[in-house]
Amino acid sequence: MDSQLLLELYKKQAKMIYFYLKKNGCSHEDAEDIVQESYMRYIAYSSGVPPDKALSYIFTIALNEFRKKLKKRGKEQVITVDDLHFWNNFANDQDTESSVLHSEMNQEITRTLGHMKEVYRKLLVLKYELELSYHDIALLLGMKVETVRTYLFRARKEFQEMWRTLNG
């Protein structure tokens, strides 16, 4: 494995994986450890992984490590949707009512996402929380761009239906 290629891959994609883990409730320290462990495992087993699948392999390792940590601690996966925004609003003296409404909306979104299929939830968070392009998501998940578009379309439809069911 070319060390320069691995370094470039790490610089570009490690932050993306780190922020995805953080959005899913992982602590800062755990997220850093998981990303580092994922890249180390990739280095150890890279001979069996095609270069075009490297990122999705690393991402899968990271998700599996995160799930193991949650299982070990007996915790459930929690998706966070902009929690710090709520507390920052109080510090900025913005309208308290709009801050509370915003927080409640985030809780409803989180609850709706929690009732969805994991693949759809993952895609929605990557697209709308981390603001990744279809191409970046496809690289991260090891899918074709058209597959990502199709699944995101289905995910949006399922979110709308789930939203109506839970909040209608």
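As shown above, the structure is provided for reference.
Calculation notes
- Residues numbered from 1 in each chain as written.
- Predicted model: local features only at pLDDT ≥ 70, side-chain atom pairs only at ≥ 80, totals over all residues.
- Heavy atoms only, no water.
- Helix = DSSP H or I, 4+ residues; strand = E, 2+ residues; numbered from the N terminus.
- Buried < 20%, exposed > 50% of the residue type's maximum accessible area, 1.4 Å probe, protein only.
- Areas by Shrake-Rupley, 256 points an atom, 1.4 Å probe, with all protein chains shown as cover.
- Phe/Tyr/Trp six-rings, centres within 6.5 Å; stacked < 30°, edge-to-face > 60°.
- Lys NZ or Arg CZ within 6 Å of the ring centre and 35° of its normal.
- Salt bridge = Lys/Arg side-chain N within 4 Å of Asp/Glu carboxyl O.
- Axes fitted to C-alpha atoms, helices over the stretch in contact; angles between N-to-C directions.
- Parallel < 35°, antiparallel > 145°, perpendicular 65-115°, else oblique.
- Left-handed = near helix turned anticlockwise from the far one by under 90°.
- Contact = heavy atoms within 4.5 Å.
- Nonpolar A, V, L, I, M, F, W, Y, C, P; charged D, E, K, R; others polar.
- Polar contact = N/O pair within 3.5 Å; in protein donor to acceptor, adjacent residues only side chain to side chain.

## A closer look at the overall build of the chain
In step 1: Each helix and strand in the chain was counted, giving 8 helices and 0 strands.
In step 2: Of the regular secondary structure in the chain, the N- to C-terminal order runs α-α-α-α-α-α-α-α.
In step 3: Buried residues in the chain amount to 37% of all 168 residues.
In step 4: Carbon and sulfur atoms make up 53% of the accessible area of the chain, which totals about 10,600 Å².

## Observations regarding the packing of aromatic side chains
In step 1: According to the stated counting rule, one finds 5 aromatic pairs in the structure shown.
In step 2: For the pair Tyr-18 and Phe-19, a centre-to-centre distance of 5.2 Å together with 70° between the ring planes defines the contact as edge-to-face.
In step 3: By relative accessible area, which is 16% here, Tyr-18 ends up buried.
In step 4: Note that Lys-127 overlies the ring of Tyr-134, its terminal NZ or CZ placed 4.4 Å from the centroid.

## Some points on the pattern of salt bridges
In step 1: All chains considered together, the criterion is met by 7 salt bridges.
In step 2: Here Arg-111 ties to Glu-108 by a salt bridge, and the two come within 2.9 Å at their closest N and O atoms. Here Glu-108 and Arg-111 lie together in helix α5 (residues 96-114), a separation of 3 residues that amounts to about one turn.
In step 3: Taking relative accessible area as the criterion, Arg-111 reaches 35% and is therefore assigned partly exposed.
In step 4: Residues participating in the shared-partner salt-bridge network are Glu-37, Arg-41, Glu-65 and Lys-68.

## Structural notes on the packing of helix α2 (residues 28-45) against helix α3 (residues 54-73)
In step 1: Contact geometry for α2 and α3: axes closest at 9 Å, N-to-C directions at 130°. Here α2 is positioned oblique relative to α3, judged by the angle of their axes. Judged by the sense of rotation from one axis to the other, the crossing of α2 with α3 is right-handed. Two secondary-structure elements touch here, α2 through Asp-30, Ile-34, Glu-37, Ser-38, Tyr-39, Arg-41, Tyr-42 and Tyr-45 and α3 through Ala-54, Tyr-57, Ile-58, Ile-61, Ala-62, Glu-65, Phe-66, Lys-68, Lys-69 and Arg-73.
In step 2: Split by residue class, the contact of α2 with α3 holds 10 nonpolar, 1 polar and 7 charged.

## A word on the environment of Arg-111
In step 1: Expressed as a C-alpha distance, the spacing of Arg-111 and Trp-163, which sit 52 residues apart in the sequence, is 9.1 Å.
In step 2: Once residues lying within four places of it in the same chain are set aside, the contact partners of Arg-111 are Leu-166 and Asn-167.
In step 3: Within polar-contact distance, the side chain of Arg-111 engages the backbone oxygen of Leu-166 at 3.4 Å.
In step 4: Engagement of the side chain of Arg-111 in a polar contact is seen with the side chain of Asn-167, the distance being 3.1 Å.

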